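Understanding the architecture of this molecule
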Amino acid sequence: MNNPARVAVGWLGLIGLVPLLLLYVVSGLVAPWWAVTVFVVVWCLLLLTALRSFRRRPLLTLALPLLGLAWWYAVLWFGDQFLNWTA
């Protein structure tokens, strides 16, 4: 059964993906166009995963924006350290 708390957690996860998309797109100020394209594709995969796990595993849905944020930071750090991406 779906209780209101599980539904609310699922919605928070979906809402958390919206600012993540903005962060991915704005990364074009630092990263090249192909990296931004990869970011957007990964965001689409995160959204698809969140929609599929919305009812069954709402905690996974809540964790996906955090996972996406950590991945964004790791990619930009790697690009800065090894690929000379600068603003």
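So, here's what we can say about the structure.

About the cut-offs
Note that residues are indexed from 1 along each chain, following the sequence as it is written. With the structure being a predicted model, the display of local features is reserved for residues of pLDDT at least 70 and the display and counting of side-chain atom pairs for 80 or more, all residues being used for whole-chain, interface and lining totals. In computing side-chain values, all of the structure's heavy atoms are included and hydrogens and water are not. In DSSP terms, a helix is any run of H or I states spanning at least four residues, a strand is any run of E spanning at least two, and both are numbered starting from the N terminus. When accessible area is computed with a 1.4 Å probe and restricted to protein chains, residues below 20% of their type maximum are described as buried, those above 50% as exposed, and intermediate ones as partly exposed. Contacts are assigned to residue pairs that have any heavy atoms within 4.5 Å of one another. Side-chain rings of Phe, Tyr and Trp, where Trp is taken by its six-membered ring, are said to pair if the distance between their centres is within 6.5 Å; with planes under 30 degrees apart they count as stacked, over 60 as edge-to-face, and otherwise as tilted. An axis is simply a line fitted to the C-alpha atoms; with a helix, the fit covers only the stretch in contact. Between two such axes, the angle follows the N-to-C directions and lies from 0 to 180 degrees. For classification purposes, angles smaller than 35 degrees are called roughly parallel, those larger than 145 roughly antiparallel, those between 65 and 115 roughly perpendicular, and all remaining angles oblique. The crossing is said to be left-handed when, going from far helix to near helix, the turn is anticlockwise and less than a right angle, and right-handed when the turn is clockwise. Under the convention adopted here, Pro, Cys and the residues Ala, Val, Leu, Ile, Met, Phe, Trp and Tyr are nonpolar, Asp, Glu, Lys and Arg are charged, and Gly plus all remaining residues are polar. We call a set of buried Ala, Val, Leu, Ile, Met, Phe, Trp, Tyr and Cys residues a nonpolar core when their side-chain atoms join them within 4.5 Å.

Time to look at the overall build of the chain. Looking only at helices and strands, the chain features 3 helices and 0 strands. The helix and strand sequence of the chain, counted from the amino end, reads α-α-α. Seen along its three principal axes, the alpha-carbon backbone of the chain occupies a region of about 50 × 20 × 15 Å. The buried share of the chain, taken over its 87 residues, is 29%. Considering only residue pairs separated by 6 or more positions, the chain has 72% of its internal contacts joining residues 24 or more positions apart.

Tallied over the entire structure, the rule returns 7 aromatic pairs. Centroid distance F39 to W71: 5.1 Å. Interplanar angle 85°. Geometry classified as edge-to-face. Of this pair, F39 sits in helix α2 (residues 33–52) while W71 sits in helix α3 (residues 58–82), and the two are 32 residues apart along the sequence. For W71, a relative accessible area of 30% puts it in the partly exposed group. Between F78 and F82, the ring centres sit 5.0 Å apart and the planes meet at 45°, which makes this aromatic pair tilted. Of this pair, F78 and F82 both sit in helix α3, 4 residues apart, roughly one helical turn.

All right, on to the packing of α2 against α3 then. Axis separation between α2 and α3 bottoms out at 10 Å; the angle between their running directions is 165°. With respect to each other, α2 and α3 are oriented roughly antiparallel. α3 is crossed by α2, and the crossing has right-handed handedness. The residues of α3 that touch α2, namely those facing V38, F39, V42, L46, T49 and A50, are T61, L64, G68, W71, W72, V75 and L76. Across the contact of α2 with α3, the residue classes tally to 10 nonpolar, 3 polar and no charged.

It is worth spelling out the side chain of T61 at this point. Note that T61 resides in helix α3. Judged by relative accessible area, T61 falls into the buried class, the value being 0%. The residues contacting T61, other than those within four sequence positions of it, are G10, G13, L14, A50, S53 and F54.

Moving on: the nonpolar core. Formed by 15 residues in total, the largest nonpolar core has its most connected members in L17, L20, Y24, L46 and L76. Secondary structure elements with two or more residues in this core: α1 (4–26), α2 and α3. Considering every element that reaches this core, the biggest residue donor is α2, with 5 residues. Each residue touching L46, except ones within four places of it in the same chain, is listed here: L17, L20, Y24, L64 and G68.

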